[in-house]
Structures are given as C-alpha cells and as structure tokens.
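Survey of secondary and tertiary structure
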Amino acid sequence: MAKAVILFLRVCVQLLALPIYLLSFLGIWDPFCKKIFFPFCVEKLTASYNRRVSGHKQELFCNLQEFAGPSGELTLLEIGTGTGANFQFYPPGCKMTCTDTSLNFQRGLSKSMAQNQHLQFQHFLVAPGEDLNQVADSSMDAVVCTLVLCSVQSTEGVLKEVLRVLRPGGAFYFLEHVAADPSSWSYFWQQVYYPTWKLVFDGCYLTRETWKNLEQAKFSEIKLRHIQVPLYWTPVQSHIIGYAIK
C-alpha cells in the first residue's frame, strides 16, 4: 500500500514539474541547470545553510590544525568547493587546493576568496572527485567534502581518490545529507521527491546511505554521527558529519 501511495505522489510531483521534464527531453534543461540555475541556487542558499550548520561546522573543523605536517603548515584539498562555503571555518595559513567539476560557481567563489584572505589559495582544479590525477599521492594533510557525495557518479571512486591523495595519518572531513530513517516520514517524502529532485538539482540523490560507503572504505579510524539539520519542509534534513583517518 505504501509503495502505491509513494508512486502516486511521485507522479503528482512529476506532473507539477512537467515543464522541466519537457525541457530535459529537449536537451535544454541540463546545460541551463548546470550553468545558471544550480549555481544560482547554491549561491543564494549557502548563507542560509551555513547559519543552520555553523555550530556543527565549527565543531567539525576545530581540530583541523592538528593534522598539519612537521612544518606546521596544513595542506588541504577541498572536493566540490562550489562557492567556498567552508572557507571561513579553516585555520589561518591553510594551503588550499580547490576542485570542482566546472567553473560555473566562479562568481560566488571569487567573493568568498576575497572575504577569506587568511587562507593561501594555491590551486584550482577542474576535475571530478573520482579522478584527481592532478593531485599527487600522499600529498595532502586533510581532504574536505561537504554536500558533494550526494551527486557524484561514484561515492566509492571518490573515497578511493581521497585515500590516495591523503598522507598516512591524514584526515577526511565530511558533512553530507543522506537517507533518513526508513521508518520516518522524512524517508517517505524522500522517496516521493527523489526522481524530480535529482533532475531539478543537478543529479542530487536524496536516499544515498553514504555512511555505509565510509565504513567500507579502508580508513583506519572513523568518527561519524547522524544529525538533523533544521531545513524545515525539505527532504534533506538528515545528515552525517565527522572525519576519517587514513
């Protein structure tokens, strides 16, 4: 019965979004979404999201400097930098390598870089998280990934690259929205919205169980917890947060 209700409501949502599905069929939506709509949404919503998770991010990144190398300098790789929403939480002098799949967030990114001159921006690479071949093996003290694993092609591929570029003892920091408890109403609505949400928001999956991928990766230690972010009336309140050590 529940599956039938979900299917019915899913079709209703798809009908409401019919113009977008039509644009997608015509090959118009995808380039428009990637170049204009999604970057616009990210830029507008970043400040609001950061207000809601500010305490969590401060707690998450408070020990970043502990992973600095013998020189005391921290080399950090951020996967899916977007508009630079995390820059304000990084320690002074941090040597940054930023990556993203495109240059479509450049306006918001430039603004964040100008506002966070306590960081040393060294490289910006256009590359997917599954293929960071421009980054040397064991070259990073820390890797950060927030709200990115929901939309990558292969979570396992990204984590494999993270382990490759991290030095032994380095840390991978993450904050990701994930599938809700299967017995909850949140999970029910995630299943309803899933196909349309994925289309509208550039391939974002609502029901990924990313914590399982982290637990199966070859990290020596993982500190992970589930939290609820007060993003009311949205299907992305369930998150995981923590870090894993190579």
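Residues numbered from 1 in each chain as written. Predicted model: local features only at pLDDT ≥ 70, side-chain atom pairs only at ≥ 80, totals over all residues. Heavy atoms only, no water.

Close contact between helix α1 (residues 2-16) and helix α2 (residues 18-25) brings their axes to 4 Å; oriented N to C, the two are set at 70 degrees. Relative to α2, the element α1 is oriented roughly perpendicular. On α2, the residues touching Q14, L15 and L16 of α1 are L18, P19 and Y21. Partitioning the contact of α1 with α2 into residue classes produces five nonpolar, one polar and no charged. (Axes fitted to C-alpha atoms, helices over the stretch in contact; angles between N-to-C directions. Helix = DSSP H or I, 4+ residues; strand = E, 2+ residues; numbered from the N terminus. Parallel < 35°, antiparallel > 145°, perpendicular 65-115°, else oblique. Contact = heavy atoms within 4.5 Å. Nonpolar A, V, L, I, M, F, W, Y, C, P; charged D, E, K, R; others polar.)

The subject of this paragraph is the layout of surface pockets. The gaps left among the atoms become clear once a water-sized probe is rolled over them. Roughly 1,400 Å³ of internal volume is contained in the largest pocket. F38, V42, L147, C150 and S151 are, among the 50 residues lining the largest pocket, the residues nearest its centre. Taken together, the elements giving at least two residues each to the lining of the largest pocket come down to α3 (29-61), β1 (75-79) and α6 (185-200). Residue composition of the lining of the largest pocket, grouped by class: 23 nonpolar, 19 polar and eight charged. Taken as a whole, the second largest pocket encloses approximately 290 Å³ of empty space. Lining the second largest pocket are 15 residues, with T46, T83, K111, S112 and Q115 sitting closest to its centre. The set of elements that each furnish at least two residues to the lining of the second largest pocket consists of α3 and α4 (106-115). For the lining of the second largest pocket, the leading source of residues is α3, giving five residues. (1 Å grid on protein atoms, 1.4 Å probe; cavity = no way out; pocket = protein on both sides within 12 Å on 5 of 7 lines; lining within 4 Å. Points joined across faces, edges and corners; volume = space filled by probe spheres on them.)

Our next topic: the packing of aromatic side chains. All told, the structure shown has 18 aromatic pairs when counted by the stated rule. Over the ring of Y205 we find R208, and its NZ or CZ is 4.1 Å from the ring centre. (Phe/Tyr/Trp six-rings, centres within 6.5 Å; stacked < 30°, edge-to-face > 60°. Lys NZ or Arg CZ within 6 Å of the ring centre and 35° of its normal.)

Turning to the pattern of salt bridges, a few remarks are in order. A complete count under the given rule lists nine salt bridges for this structure. Salt bridges sharing partners connect three or more residues here, namely D137, E161 and R164. (Salt bridge = Lys/Arg side-chain N within 4 Å of Asp/Glu carboxyl O.)

Turning next to the side chain of T81. Relative to the assigned elements, T81 resides in the loop between β1 and β2 (95-100). Dropping the residues within four chain positions of it, T81 is found in contact with F87, C98, T99, D100 and L109.

Reading across from one edge, β3-β2-β1-β4-β5-β7-β6 is the order of the seven strands in this open sheet, with mixed pairing throughout. Strands with a single pairing partner mark the edges of an open sheet, and in this sheet they are β3 (120-126) and β6 (221-228). Strand-to-strand, the axes of this sheet are offset by a mean angle of 15 degrees, without reference to chain direction. Here six bridges tie strand β4 (residues 140-146) to strand β5 (residues 166-177), and the two strands are oriented parallel to one another. The partner of V143 across the bridge, within β5, is F172. Sitting on the sheet, α3 is in contact with β4, β5, β6 and β7 (238-245), with an inclination near 155 degrees to β5. (Pairing = 2+ DSSP bridges.)

Of all twelve residues in β5, nine are buried, a share of seventy percent or more. One crossover worth recording links β4 to the parallel β5 by way of helix α5 (residues 155-165), and it is right-handed. Alignment of β5 against β7, held across seven bridges, turns out to be antiparallel. The residue of β7 that forms the bridge with L175 is I241. (Buried < 20%, exposed > 50% of the residue type's maximum accessible area, 1.4 Å probe, protein only. Right-handed = clockwise from strand over helix to strand, strands pointing away.)

What follows concerns the packing of α1 against α6. Closest axis-to-axis distance for the α1/α6 pair is 8 Å, and the angle between their directions is 40 degrees. Judged on the interaxial angle alone, α6 and α1 are oblique. Every pair of crossing elements has a handedness; the one defined by α1 and α6 is right-handed. From α1, V5, I6, L9, R10, V13 and Q14 reach across to α6, where they touch F188, W189, Q191, V192, Y193, P195 and T196. Looking at the contact of α1 with α6, its residues break down into nine nonpolar, three polar and one charged. (Left-handed = near helix turned anticlockwise from the far one by under 90°.)

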